[in-house]
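Structural features, examined
One letter stands for each residue in the lines below.
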Amino acid sequence: MPASRRLTIIAQDPWVRAGGRIVTAQVSVPAELLADGPRGHRVHVVDFDASANRMYAPLPADAMGTSDKPNDPFRSSTTRRTRPTPAVFNRRLLEDPRFHAQNVYAIVMRTLGHFERALGRRVSWSFGGHQLKVAPHAFAEPNAFYSREDEGLFFGYFAGPDGPVLTCLSHDIIVHETTHALIDGLRPRYTEPSSPDQAAFHEAFADLVALLSVFSLPEILDEAVRQVPKAVTKGMLSVARLTIEALRRGVLFGLGEQFGGALSGVHGASLRRSVALQPSRTILDRSEYQQEHTRGEVLVAAMLHAFLDIYLQRLTTLGREANGQLPAVRVAEEGADLAERMLTMCIRALDYLPPTDLDFGDFLSAIITSDLEIRPDDRRFGVREAVRRSFRAFGIEPTSKFGTGDQTGRWEPPEIRRATQSRREPLLKLDYSAVHREALQRDPDEVFRFLWENRGVLGLCTEAYTVVAGVRPCLRVEHDGFTLRETVADYVQILTVRAGELDDLELSGQKGKLKKPKGLSPGKTIRLLGGGALLFDEFGQLKYHVRNAVLNPAKQNRRLQHLYDAGFFERQREQGFASLHLKGMRPELPATREADPWP
Ligand SMILES: [Zn+2]
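Since the structure is predicted, the reported quantities are computational estimates derived from the model, not experimental observations.

**Points about the overall build of the chain**
Secondary structure summary: the chain contains 17 helices and 20 strands in total. Sequence-distant contacts in the chain: of pairs separated by 6 or more residues, those separated by 24 or more amount to 69%. Carbon and sulfur atoms provide 51% of the accessible area of the chain, an area that totals close to 24,300 Å².

Structure follows, in structure tokens:
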């Protein structure tokens, strides 16, 4: 059986056209023996329309070919051999629900593939089952969402100014929703009430993955570069015409600006707004950027800016060698490679993030560290430096103050941490004598043993309830064949106290650093949440401990004050904690796994 098959998709959305034709792309997805739907081992397309109470005919398995000879059923209509007119060509894609089924199947599988390749392991859905349901024509509403409870992705449709708008034909919307499902499987605590940054992260990361997935298709970058005025003549690009501004406008075209307009009330608008954001180091302090949605746009803008910056530098360097002229095809491929590289980098960073209460600076430190581990030599693109520079331009600094030069902002090795912040205290050593290193790579009880033996060095709170959530061995492979074996584990600590006890709380020998938000009733129950990601090397040696301590007063106090200011504790009694999401978040954000974990 071949390792992968190629399937035709709409490259961005039906509004991005070349010569009147919708721009399509053929993408690789893992080869598998499909059932009618398509239904595969991870994705199950169920084309039921709840608004019309109608079931659409599935794409038959036969049309997809046999397992050893896969077929791309919509390829024949896209090849030049048959030469359909643009109108006929577009209609075939727009009006055939079986193509819509293939489009969502291929894009969800491609996104899952990106995650699994980047992380070097299988990635589970959060709900425990293996197959994510995907409904391409789920309801007649301008919306699309992921639901943990319904174990699926649901894409709506609605009447637009120029005919029906189907969200299941928009590449970035499909990737965005799939990414919500994937983060929810990897970091289920990111939907808990915390800081404005954490609330913004789910949305921002989903948009980031969507943006970079779209630009990892050369077909789209080709169209984007052709939008730069007078840049491309006779298939050759004049590098002198390129500026970040011009590229940014081209990129907006690649995102289907017009389609974005039709969706402005719904979704997809934020990704397009991010593209327009100009760098400012104080943007995150402005009041309009305290709100989760707008705040997320800043993170996306910072990454996009880095992408354009590196892309431009790279083309300028190549253009110098080629007398300022480059084949447009080569230009598109270079950009697609870079997008793929940055996409992989962002996904890998997830394993290097604390499992609770993250902020944007943590994401930057995680990117730098995980990228250094697998790609120590960054000379070709200079991605890490450009990302650091761009994030700084948007006011985001790495959380870690460790490292210099190319390593600035990376997470520090665990044994440099001290049990307290006191400089007089000697460095502490981790003790491995009680654990089996081999078992550390797969057994949560063994990892917990390690945590407990080293609770002083690792700064755990012994009074809290502690649980190791997962232990996963990974084999990460770079394009150049470089491989990295590591094991990622994560744990959570939960401590429930009364608000009135906060000021005098003595935990693990430390006292008086937590503050009750002024005005909060002393009888209120407060749940303090902490945790860490543990990264072991292939010999079972701890490389990194990326954590948010229950005993980190600065962060816990900030979080409690924020939740108090947001009115969270007032609503808590009558509505439970889902209300924090309902206030600001789009309805697509998953409700949490526990019905109401707050007492
Ligand atoms: Zn979303």
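**Quick notes on the layout of surface pockets**
Within this model, the second largest pocket holds a volume of roughly 810 Å³. As for the second largest pocket, its lining consists of 33 residues, and the residues nearest its centre are His114, Arg117, Glu340, Thr344 and His479. Contributions of two or more residues to the lining of the second largest pocket are made by strand 1 (4–10), strand 4 (24–30), helix 2 (97–119) and helix 10 (328–349). In the lining of the second largest pocket, the residues fall into 11 nonpolar, 8 polar and 14 charged.

**As for the sheet that holds strand 16 (residues 483–498)**
Strand order in the open sheet formed by 4 strands is 15-16-19-20, and the pairing between neighbours is antiparallel. The open sheet terminates on both sides in strands that have one partner only, identified here as strand 15 (465–477) and strand 20 (542–548). For this sheet, the mean inter-axis angle between neighbouring strands, taken without regard to orientation, is 15°. Pairing analysis gives 13 bridges linking strand 16 to strand 19 (residues 525–537), with the strands arranged antiparallel. Paired with arginine 498 across the bridge in strand 19 is threonine 525. Seen against the sheet, helix 13 (residues 444–453) touches strand 15, strand 16, strand 19 and strand 20 and runs at an angle of roughly 115° to strand 15.

**Section: the sheet that holds strand 12 (residues 232–233)**
The strand order 12-13-14 describes an open sheet built from 3 strands, whose pairing is antiparallel. Of all strands in the sheet, those with a lone pairing partner are strand 12 and strand 14 (325–327), marking the two edges. The pairing of strand 12 with strand 13 (residues 236–238) spans 2 bridges and is antiparallel. The residue of strand 13 that forms the bridge with threonine 233 is methionine 236.

**Regarding the pattern of salt bridges**
In this structure the tally under the stated criterion is 38 salt bridges. The shortest N-O distance in the salt bridge between arginine 559 and aspartate 357 comes to 3.4 Å. Separated by 202 residues along the polypeptide, arginine 559 in helix 15 (residues 553–565) and aspartate 357 in the loop between helix 10 and helix 11 (360–374) bring together distant segments of the chain. Each of the two residues, arginine 559 as well as aspartate 357, counts as buried. The salt bridge involving arginine 388 is made with aspartate 406; its shortest N-O contact spans 4.0 Å. With a gap of 18 residues between them, arginine 388 in helix 12 (residues 383–393) and aspartate 406 in the loop between helix 12 and helix 13 connect regions that are remote in the sequence. Residue class for arginine 388 comes out buried when judged on its relative accessible area of 3%. For aspartate 406, a relative accessible area of 33% puts it in the partly exposed group.

Rules behind the numbers
Residues numbered from 1 in each chain as written. Predicted model: local features only at pLDDT ≥ 70, side-chain atom pairs only at ≥ 80, totals over all residues. Heavy atoms only, no water. Helix = DSSP H or I, 4+ residues; strand = E, 2+ residues; numbered from the N terminus. Contact = heavy atoms within 4.5 Å. Areas by Shrake-Rupley, 256 points an atom, 1.4 Å probe, with all protein chains shown as cover. 1 Å grid on protein atoms, 1.4 Å probe; cavity = no way out; pocket = protein on both sides within 12 Å on 5 of 7 lines; lining within 4 Å. Points joined across faces, edges and corners; volume = space filled by probe spheres on them. Nonpolar A, V, L, I, M, F, W, Y, C, P; charged D, E, K, R; others polar. Pairing = 2+ DSSP bridges. Axes fitted to C-alpha atoms, helices over the stretch in contact; angles between N-to-C directions. Salt bridge = Lys/Arg side-chain N within 4 Å of Asp/Glu carboxyl O. Buried < 20%, exposed > 50% of the residue type's maximum accessible area, 1.4 Å probe, protein only.

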